[in-house]
Amino acid sequence: MTTALSVPQHQLTKYAAFEPTRLEVMRENMDGQSISFFDLPIVKTPSGGAPFFTIDTVGGPKPAETITGVLAFTTLHGVLWPSNDNAGGSKPILVTRDMKTARLSSPEIVTRDLNTGRITAIQGATQAMVDVLSESENLSTNTWDWNTLPYTQFGTGKNGVGKAAKEGRLAFVCTADSPLPICLRMAPSSLKAMKSILLKLDLPYYHYIWQFSIQVKESKSPGKEKYSEIVPKIIGTLAPEDAATVASSWKAPLETEWRKADVSRVVDAVSEPTEPAE
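Residues numbered from 1 in each chain as written. Predicted model: local features only at pLDDT ≥ 70, side-chain atom pairs only at ≥ 80, totals over all residues. Heavy atoms only, no water.

Participant: Please give an account of the confidence of the model for the protein that cites residues and values.
Facilitator: Per-residue pLDDT for the protein averages 88, and the proportion of residues at 70 or more is 91%. Element-level mean pLDDT values for the protein span from 85 in helix 1 (residues 20-30) up to 98 in strand 10 (residues 144-145). (pLDDT = per-residue confidence, 0-100. Helix = DSSP H or I, 4+ residues; strand = E, 2+ residues; numbered from the N terminus.)

Below you can see the structure in the form of structure tokens.
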């Protein structure tokens, strides 16, 4: 059941990614160079329980208590690394762009039996992990059911906290200051709050103005470490014609680029904030 929202309607040109003059300046500065998925400014979930975001600007990194704007595109993602203590630079084993279907990050990281096609070795993985992934692979499509893997279950993460697999959500927010959408990287601790709002909306998410803030919480681990959780909130709407502009100008291109992107570059191996057990 959805709930009608009583929030004001915003003008789309208030946001830099839709302001003609700002876009023209950006085109002139780029001098014909293309812009890739990873050229977008990235803002991570703060680590160590910090109560603010850090945004890179022309004048250097600046703290921000909130990020507000049009949510042009959002998507889930997941990565399975060889171990919970994976060192930087190592290749992940599985990646998923929707947290439903997983694929090998690269076919070169595995060795297969020439007769059965089953995996017999995986670069950097233990034999136990090799056995699990070999038995659970769908050989007709060379894919895995992400949600049934043991590594995507709570309690399999480091010290029994969270999940062994790294999961998260990307939220591409068109703000008043940036001519390019900000890629807000939401850690596992923020997934539940985001899902709760998405389930209640009467219209697709890009019809709304979103505000993202930080709430500092304490983990359930023995050390009771603090972690930051991103809290989303709807503060406005767009006119139907403006929402259509968002869909064509940014949502569609971002969705296309995401299908081609290297998911392993999106998720750090070990630096995501603690994921609370359910």
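Still more ground to cover, so stick around.
Participant: Give me the pattern of salt bridges: which residues, what numbers.
Facilitator: A side chain of one charge can pair with a side chain of the opposite charge when the charged atoms of the two come close. Counted according to the given criterion, the structure contains six salt bridges. Put simply, Arg-27 and Glu-24 hold a salt bridge, and the shortest N to O gap is 3.8 Å. Of the two residues, Arg-27 and Glu-24 both sit in helix 1, three residues apart, roughly one turn of that helix. In this structure, Glu-257 and Lys-260 form a salt bridge, with 3.2 Å as the shortest nitrogen-oxygen distance. Note that Glu-257 and Lys-260 are positioned in helix 4 (residues 240-260) at a spacing of three residues, about one turn of the helix. (Salt bridge = Lys/Arg side-chain N within 4 Å of Asp/Glu carboxyl O.)

Participant: Requested: an account of the side chain of Thr-143, with residues and values cited.
Facilitator: With respect to the helices and strands, Thr-143 occurs in the loop between helix 2 (127-136) and strand 10. Owing to a relative accessible area of 9%, Thr-143 belongs among the buried residues under this scheme. Of the polar contacts made by the side chain of Thr-143, one reaches the side chain of Thr-141; its length is 2.6 Å. Excluding its chain neighbours within four sequence positions, the residues that come into contact with Thr-143 are Thr-101, Ala-102, Arg-103, Ser-136, Glu-137 and Asn-138. (Buried < 20%, exposed > 50% of the residue type's maximum accessible area, 1.4 Å probe, protein only. Polar contact = N/O pair within 3.5 Å; in protein donor to acceptor, adjacent residues only side chain to side chain. Contact = heavy atoms within 4.5 Å.)

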